[in-house]
Amino acid sequence: MAASAKTIPLESSNAISDWTVVLPRRGKRRRSFLKSKHPEQNQQPWAPTDLEMDLNRESKLMEKIQMCMKKLENSTFYHVLLDQVRSPHVLEDFLRVLGSESKMQMVVYGIGSIESYEPPRLQLSLAMLLKRKFSWIGDIEVFDPILSATESRVLENLGCSVLSVNEQGQRQASKPTLFFMPHCEAELYDNLVQANWRTERLNNIVLFGNSFGTYEEHVSEFRSSTIVNSSRHILAVRKFTHEFAINTVSDDYFGAFHDTSWHFFSIVA
């Protein structure tokens, strides 16, 4: 059957059933995302539009991020999340994705303006604290088309790599990859799933982002053609998804992390 080719059929719900399950945004502007059967055709070179260097701005932003990281590291929210990652069911999925690899790279898409808004700073701080805490999280790559030159330089000084290509969320996971994407548009998640619409690629992915279960509920309730069209792959992969919701614990972290989950895709022929 088609499943033996390790490509998941999208159009036929019966074909998908042949697989076995192993087990309002602040600081971010609405963007349009391209879709293609050939993701590399959509990827375009990118650089910040403002090239001005402002050491004072960089220093102030670095200070803001360091303060944000300290606040987050001492929070109940962070320690509850660490306990979740260490829990048997979640850790088992992380280790399954890692397989024989020692590191899982992290790709941060759609972070928003870390200079202008606190929620993106909290999200970035969490990504960096997770890397610091867990030795199996590797290098961090970051991209958002609205990043300024100042923000890009601060990110690089923090040890992150800023991508020079707009991948439109279509990175193919040829190795274990943690996609850190809280509060991105549905189109970006759908692009990611579509670009990895093969068993071996989906099994290489950990996704930290908007709840796929919530997308499914919205489609069921509203049946909007816009929502359906932007979520086709999200909805199709839902039955193969292990989803673990994030507990925001307090209002301090609701804006940055509400309705966010860990997603793992576990599929065998």
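Now for a description of the structure that goes with this document. (Residues numbered from 1 in each chain as written. Predicted model: local features only at pLDDT ≥ 70, side-chain atom pairs only at ≥ 80, totals over all residues. Heavy atoms only, no water.)

### Things to note about the pattern of salt bridges
Link 1 in the chain: A full pass over the atoms with the stated rule returns eleven salt bridges.
Link 2 in the chain: A salt bridge links Arg171 to Glu167; the nearest nitrogen and oxygen atoms lie 3.0 Å apart. Across the pair, exposure class does not vary: Arg171 and Glu167 are buried alike.
Link 3 in the chain: One salt bridge in this structure joins Arg238 and Glu216, with 3.3 Å as the shortest N-O distance. With Arg238 in the loop between helix 11 (232–237) and strand 9 (241–245) and Glu216 in helix 9 (residues 212–222), this residue pair connects regions lying 22 residues apart in the sequence.
Link 4 in the chain: Salt bridges linked by common partners bring Glu141, Glu167 and Arg171 together as one network. (Salt bridge = Lys/Arg side-chain N within 4 Å of Asp/Glu carboxyl O. Buried < 20%, exposed > 50% of the residue type's maximum accessible area, 1.4 Å probe, protein only. Helix = DSSP H or I, 4+ residues; strand = E, 2+ residues; numbered from the N terminus.)

### A word on the pairing of strand 10 (residues 260–265)
Each regular strand shows side chains that alternate between the opposite faces of the sheet.
Link 1 in the chain: A large share of strand 10 lies buried, amounting to six of its six residues.
Link 2 in the chain: Side chains Thr260, Trp262 and Phe264 project from strand 10 onto one buried face, and the interleaved Ser261, His263 and Phe265 project onto a second face that is buried too.
Link 3 in the chain: With five bridges joining them, strand 8 (residues 205–210) and strand 10 adopt antiparallel strand pairing. In the sheet register, Phe208 faces strand 10, and the bridge partner there is Trp262.
Link 4 in the chain: Sheet topology places strand 9 next to strand 10; five bridges connect them, and they run antiparallel. Residue Ala245 lies in a different strand from strand 10, and its bridge partner there is Ser261. (Pairing = 2+ DSSP bridges.)

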